[in-house]
Amino acid sequence: MRAMVRRIVGMPILIASAATMATVVAGSAGAEPQDCTLDRWWSGAAAHCGGDGTYILEVDCFGVSVSGGQPFGPYFKSATGRTDPGLDPIFTHPVRDCMMPLTLGQIGFATDARITMIPTRPAPSNAYE
């Protein structure tokens, strides 16, 4: 009977100890961007975040895209932004536009835009310019 009681009491202590060690070994969580702003217009969007870390600007487009995938319909664009003020503004204020007829053969309008920490849309290889 005593052995059974020891096993029942000992298991939660073992689990709690393992959880504590995992927390200590993992260290502090990575910093995240804060106070994000999203500027939208009919054909694209721009993003800016404060704080520390990286983020992703995603823009959903609809129109003609001859640079890959289906030629007419939805296509997705994405850019990674960083909050480091020492970087060039092209990295701290990412912009994506659905109207790029001369460089990518894309003529479309933005149907949605968002700022995320991880990609939410599977995108073709040409979406991340």
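Remember, predicted model here, so these are calculated numbers, not experimental data.

**Quick notes on the confidence of the model for the protein**
Working step 1: Of all residues in the protein, 67% attain a pLDDT of 70 or more, and the chain-wide mean is 75.
Working step 2: Confidence drops under a pLDDT of 50 for residues 14-30, and excluding neighbours within four residues, the segment shows 0 contacts in the predicted structure.

**Comments concerning the state of the cysteines**
Working step 1: Scanning the entire structure with this criterion turns up 2 disulfides.
Working step 2: With a sulfur-sulfur separation of 2.0 Å, Cys36 is cross-linked through a disulfide to Cys49. Its torsion about the S-S bond being 115°, the disulfide of Cys36 and Cys49 is classed as right-handed. A residue pair is termed long-range when its members are at least 10 positions apart, and Cys36 in strand S1 (residues 33-41) and Cys49 in strand S2 (residues 44-51) qualify at 13 residues.
Working step 3: Cys36 gets classed as partly exposed once you look at its relative accessible area, which sits at 39%.
Working step 4: Each disulfide pairs two cysteine sulfurs, and for Cys61 the partner residue is Cys98, the sulfurs being separated by 1.9 Å.

**A closer look at the pattern of salt bridges**
Working step 1: Enumeration according to the criterion identifies 4 salt bridges in this entry.
Working step 2: Put simply, Arg114 and Glu58 hold a salt bridge, and the shortest N to O gap is 2.9 Å. On the criterion of sequence distance, the pair formed by Arg114 in strand S6 (residues 106-116) and Glu58 in strand S3 (residues 54-65) is long-range, its members being 56 residues apart. Accessibility assignment for this pair places Arg114 and Glu58 in one class, buried.
Working step 3: Among the ionic pairs, Arg114 bridges to Asp60, the shortest N-O distance being 2.9 Å.

**Quick notes on the sheet that holds S1**
Working step 1: Spatially, the 3 strands line up as an open sheet ordered S1-S2-S5, and their pairing is antiparallel. Pairing within the sheet leaves two strands with one partner each, and these edge strands are S1 and strand S5 (95-97). Across this sheet, the average inter-strand angle for adjacent strands is 15°, counted without regard to direction.
Working step 2: Here 3 bridges tie S2 to S5, and the two strands are oriented antiparallel to one another.

**Topic: the sheet that holds strand S4 (residues 72-82)**
In a beta sheet, neighbouring strands are held together by backbone hydrogen bonds and run either parallel or antiparallel to one another.
Working step 1: Across the sheet, 3 strands lie side by side as S4-S3-S6; this open sheet has antiparallel pairing. What marks the edges here is a single partner per strand, and that holds for S4 and S6. The average undirected angle you get between the axes of adjacent strands in this sheet is 25°.
Working step 2: Across 10 bridges, S3 lies against S6 in antiparallel orientation. In the sheet register, Gly63 faces S6, and the bridge partner there is Gly108.

What counts as what
- Starting afresh in each chain, residues are numbered from 1 along the sequence in its written order.
- Per-residue local features are limited, in this predicted model, to residues with pLDDT of at least 70; the limit for side-chain atom pairs, both in listing and counting, is 80 or more; totals at the level of whole chains, interfaces and linings are taken over all residues.
- Note: side-chain values were computed over all heavy atoms of the structure, leaving out hydrogens and water.
- Each residue carries a pLDDT score, the predictor's own confidence in it, on a scale running from 0 to 100.
- Contacts between residues were defined by any pair of non-hydrogen atoms, one from each residue, lying within 4.5 Å.
- To count as a disulfide, a pair of cysteine sulfur atoms needs to be within 2.5 Å.
- In DSSP terms, a helix is any run of H or I states spanning at least four residues, a strand is any run of E spanning at least two, and both are numbered starting from the N terminus.
- A 1.4 Å probe rolled over the protein chains alone gives each residue an accessible area, and that area as a share of the maximum for its type sets the label: buried under 20%, exposed over 50%, partly exposed in between.
- The rule for a salt bridge is simple: a side-chain nitrogen of Lys or Arg has to be within 4 Å of a carboxyl oxygen of Asp or Glu.
- One requirement defines pairing of two strands: DSSP has to find at least two bridges between them.
- Angles here are taken between N-to-C directions and fall from 0 to 180 degrees, while the axes themselves are lines fitted to C-alpha atoms, restricted in helices to the stretch in contact.

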